[in-house]
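Chains, contacts and geometry: an overview
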Amino acid sequence: MPIITRQTNKTPLGIYVHVPFCRSKCQYCDFYSLTTKDDNLLDGYLDAVCDHIKEAGPLAPNYKVDSIYFGGGTPSFFGADGLAIILTAIRRHFDVTQDAEITFEANPDSVSDKLLHRLRAEGFNRVSLGIQCDNDEILKKIGRPHTYAQAVSAFQRIRKAGFRNISVDLIYGLPGQTLQGWQDTLDHVLQLNPEHISCYGLKLEEGTPLYEYRDYAALPDDDLQADMYLAAVETLRGRGFKQYEISNFCRKNLQSRHNLKYWTGGEYLGFGPSASSDFAGKRFTLLRDLHAYILGIREGGEVMEDVQEIPLRERAGEYLMLRLRTSLGISREEYERMFLLPFDPLEKVLRKHENYYHTAQDGDGRWFLTAKGFLTSNDIISDLLLAQDGSTPLKKI
């Protein structure tokens, strides 16, 4: 096993572990997951992920891991033993900081005191609980395997187990959901007092069951979804939450350290089928097939696909798209220093949208989108990318 020398000047790195197992498949979900409890398949996955981590660790000697995120799928359904083994492998082969944010996703129906106490003891310090809605009828329609009462009980168990950083996932725009119903969901979840809330608008993904019967699902229209979004922004702001990204709100500066890497251009490595990475200047995705992934790791085959080196101008476009998702926004100094492109064409676009109260500038000169701007972000970013495409690179001094 390689000995990793710990240094303070290493580059921060996030690690994502995709756990592709669920009790059942939700009607709207297009993430890669399997509804199985086949011990052979689960064991094969566990061995493959740990072997993959062991193989990758020596490739990152100059990195320090400050966030680890277990997503899915349903990591809590996979169980504490497997998650603990994977976390141990990460610690053994990567330089993990003492204060690393270590998150696992959980569904209310697969949360138990035993699981929580084991994972807390292993060093997990953040839980992302998928509640989605407080209406049992709607939960049933979208295929969620739990009731709201189970969600409340799960949250209370998580808190009692000692977790002081709990995030709750919610979805608006669900079948039959009204604006008042969405407001009730927010009010009820706020009574639980989570540290972080993610509010996602329902997206119909082709190939999912909900997409197939969308015309009969009584889905809220775009205007109603927009009203739901603005209601969430107003309600959560009034209850002490800071909106730091389009869909994410937190208390006490408890932003998701891991997800911020995606939005601010940080580096991350993914393990498990379908996991994505942006590491050492390259972006790639792992095979979206568990059997192929296991076989590839076991036999030394290729498990990466769509490997790309991203040109600097494309990185500049990503800077605009991703940073404008956040409250941090963008700045002239950053943009011109990082990408050697002029900011003036972008500022013209930003000032145009400022007239419609969709963009604003803070005292430090950083541009960001307003709550209304988030609703039209695709149009704004499209305008910015067109302006960028027509710009001439700055001369190096």
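Let me begin by describing the structure that accompanies this report. This structure is a prediction, so every number in the text was calculated from the model and none was measured. (Residues numbered from 1 in each chain as written. Predicted model: local features only at pLDDT ≥ 70, side-chain atom pairs only at ≥ 80, totals over all residues. Heavy atoms only, no water.)

Time to look at helix α13 (residues 332-339). Those residues of α13 lying buried are E334, Y335 and F339. All buried residues of α13 project into a common sector of 95° when viewed along the axis, lining one side. The inward-facing, buried residues of α13 contact α12 (312-323), α14 (344-354) and α16 (377-389). Phi for L340, located one or two positions after α13, is positive at around 55°. (Buried < 20%, exposed > 50% of the residue type's maximum accessible area, 1.4 Å probe, protein only. Helix = DSSP H or I, 4+ residues; strand = E, 2+ residues; numbered from the N terminus. Arc of directions from axis to C-beta. Contact = heavy atoms within 4.5 Å.)

What the rule picks out here adds up to 17 aromatic pairs. Relative to Y45, the ring of F21 has its centre 5.3 Å away and its plane inclined at 85°; by these criteria the two rings are edge-to-face. Of this pair, F21 sits in the loop between β1 (11-19) and α1 (39-56) while Y45 sits in helix α1, placing them 24 residues apart in sequence. Y45 matches F21 in its accessibility class, with the two residues each being buried. Ring plane angle 45° and centroid distance 4.9 Å describe the contact between Y63 and F279, whose orientation is recorded as tilted. You can see Y63 sitting in strand β2 (residues 63-72) and its partner F279 sitting in strand β10 (residues 276-279), a full 216 residues away along the chain. Joined through ring pairs, the aromatic side chains of F70, F104, F124 and F163 make up one cluster. In this arrangement the basic side chain of R120 is found over the ring face of F163, its NZ or CZ atom lying 5.5 Å from the centre. The ring of Y211 carries R214 above its face, with NZ or CZ at 4.0 Å from the centroid. (Phe/Tyr/Trp six-rings, centres within 6.5 Å; stacked < 30°, edge-to-face > 60°. Lys NZ or Arg CZ within 6 Å of the ring centre and 35° of its normal.)

Now for the side chain of D95. Within the secondary structure, D95 sits in the loop between α3 (80-93) and β3 (96-106). Polar side-chain contacts of D95 include one of 2.9 Å to the side chain of K10. (Polar contact = N/O pair within 3.5 Å; in protein donor to acceptor, adjacent residues only side chain to side chain.)

The next thing to look at is the packing of helix α7 (residues 179-190) against helix α9 (residues 222-238). In contact at an axis separation of 10 Å, α7 and α9 are set at 25° when each is read in the N-to-C sense. Of the possible angle classes, the one that applies to α7 and α9 is roughly parallel. As for how α7 packs across α9, the hand of that crossing is right-handed. Side by side, α7 and α9 meet where L179, W182, Q183, L186, D187 and L190 of the first sit next to L224, D227, M228, A231, A232, T235 and L236 of the second. (Axes fitted to C-alpha atoms, helices over the stretch in contact; angles between N-to-C directions. Parallel < 35°, antiparallel > 145°, perpendicular 65-115°, else oblique. Left-handed = near helix turned anticlockwise from the far one by under 90°.)

This paragraph deals with the nonpolar core. Residues F70, I86, I90, F94, F104 and C199 are the most contacted members of the largest nonpolar core, which totals 102 residues. Take this core: its biggest share by element is 9 residues, from α1. Among residues more than four places away in sequence, those in contact with F104 are F70, L115, L116, L119, F124, R126, V127, S128 and F163. The next biggest cluster of nonpolar side chains, apart from the first, holds 12 residues, and it includes C26, Y28, L202 and L210. (Core = buried A, V, L, I, M, F, W, Y, C linked by side-chain atoms within 4.5 Å.)

Here R23 is to be found in the loop between β1 and α1. Accessibility expressed as a relative area gives 51% for R23, which makes it exposed. Setting aside anything within four residues of it in sequence, one finds R23 in contact with T35, F77, D109 and P145. Separated by 3.3 Å, the side chains of R23 and D109 make a polar contact. For R23, the side chain forms a polar contact with the main-chain oxygen of P145, separated by 3.4 Å.

So, on to the pattern of salt bridges. All told, the structure shown has 23 salt bridges when counted by the stated rule. One salt bridge connects E318 with R315, and the closest N-O pair in it is separated by 3.7 Å. Taken as a pair, E318 and R315 lie in helix α12 at a separation of 3 residues, close to a single helical turn. Like R315, E318 is buried. When salt bridges that share partners are traced, they join R332, E336, D344, E347, R351 and E354 into one network. (Salt bridge = Lys/Arg side-chain N within 4 Å of Asp/Glu carboxyl O.)

With that out of the way, let us pick up unusual backbone geometry. Residue G73 is bonded to the preceding G72 through a cis peptide linkage, with omega at 20°. You can see G73 is positioned in the loop between β2 and α2 (75-78). Phi is positive for D306, which is not a glycine, with a value near 55°.

Our focus in this paragraph is helix α6 (residues 148-160). Along its 13 residues, α6 runs 18 Å from first to last C-alpha, staying within 8% of the 18 Å computed at 1.5 Å per residue. Turning to α6, its buried residues number three or more, namely Y148, A151, V152, A154, F155 and I158. Buried residues of α6, seen end-on, are gathered within an arc of 160° and therefore sit on one face of the element. Exposed side chains of α6 directed beyond 90 degrees from the buried face belong to A149 and K160. Lining the buried residues of α6 we find α4 (113-122), β4 (126-132), α5 (136-141), β5 (166-172) and α7. Positive phi shows up at G162, right after α6, with a value of about 110°. (Expected span 1.5 Å × (residues − 1).)

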